[in-house]
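Given next are the chains, with one letter for each unit.
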Amino acid sequence: MKIQKERAHSSDFKGVLKKYFSFYNKNLRKKHIIVFILSLVFFTVFMTNFINNLDQLNQLLTELSSTQEQSNIFMTIVKEKIPLVFLFIFSGITPYAFIPVVGIIGYPYILATEIINMSGFNMVLACIGSIIQIFGVSLAIAAGIYYCTCSSKKFRYSQSITFGLDDVKQQIYETTKNEVKLNKIKEKRQIKKEKREKLNIKIEYKGLIITAMISTIIVVTAALITGV
């Protein structure tokens, strides 16, 4: 009996993974790759710029450290990194805003400012950890973009279900028994209906939640290993 339950749980887990990979390949993979590449470019640009202006940056960091106590990595993870992952994904609920895109520039900038005052091996390790974090955050941003795209389509769908001019025309043609124009307006409305129904898409919330978990695991693991 115990073996059967274990097999059932294993089968369910494999089924969830299979569905998620299908969701990822269909909706996130291309976005993830593009966002990751762009984020890496910005991270490289910020690091290069900070290194070229290291004297000025060190002075700034010294001034900041004199007024602010250095935060613990665990507190940083809990207060900043994990909330950011969920923010990048679920801010996509706002139609047309595409708020998650801000993370393509913002997150690499945050990481660059955190590691630039390190030296030697610590900086190299931190850079590797930052790249891994960027990979995880890019997944969250890609999910946020997907969510925002879906939210925008759902919003357009809800706005299109209103009593309009074509409804008035149809009623007039039905009243006057103008069969020719009535058929034309019905065909026109049918075409519009088919286009409108394409906007009535299903948002894969389970896929978004799993993505948030995966992204969080990647970010937290990299942060704990490298301390950034």
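Residues numbered from 1 in each chain as written. Predicted model: local features only at pLDDT ≥ 70, side-chain atom pairs only at ≥ 80, totals over all residues. Heavy atoms only, no water.

Caption draft 1: Molecular detail of a nonpolar patch on the surface. Taken together, the side chains of Ile 33, Ile 37, Val 41 and Val 45 present a nonpolar region at the surface, about 340 Å² in accessible area. Assignment of secondary structure puts Val 45 in helix α1 (residues 2-52). The exposure class of Val 45 is partly exposed, given its relative accessible area of 46%. (Patch = residues over 30% accessible without salt bridge, like charges linked within 9 Å, V, L, I, M, F, W, Y side chains within 5 Å. Areas by Shrake-Rupley, 256 points an atom, 1.4 Å probe, with all protein chains shown as cover. Salt bridge = Lys/Arg side-chain N within 4 Å of Asp/Glu carboxyl O. Helix = DSSP H or I, 4+ residues; strand = E, 2+ residues; numbered from the N terminus. Buried < 20%, exposed > 50% of the residue type's maximum accessible area, 1.4 Å probe, protein only.)

Caption draft 2: Spatial organisation of the packing of helix α3 (residues 73-90) against helix α8 (residues 205-226). Remark: α3 packs on α8, axes separated minimally by 10 Å, with the N-to-C direction vectors making an angle of 150°. As summarised for this structure, α3 and α8 are arranged roughly antiparallel, according to the angle between their axes. Of the two possible hands of crossing, α3 and α8 adopt the one that is right-handed. Residue-level contacts link Ile 73, Phe 74, Ile 77, Lys 81, Ile 82, Val 85, Phe 86, Ile 89 and Phe 90 of α3 to Leu 208, Thr 211, Ala 212, Ser 215, Thr 216, Val 219, Val 220, Ala 223 and Leu 224 of α8. Considering only residue class, the contact of α3 with α8 consists of 14 nonpolar, three polar and one charged. (Axes fitted to C-alpha atoms, helices over the stretch in contact; angles between N-to-C directions. Parallel < 35°, antiparallel > 145°, perpendicular 65-115°, else oblique. Left-handed = near helix turned anticlockwise from the far one by under 90°. Contact = heavy atoms within 4.5 Å. Nonpolar A, V, L, I, M, F, W, Y, C, P; charged D, E, K, R; others polar.)

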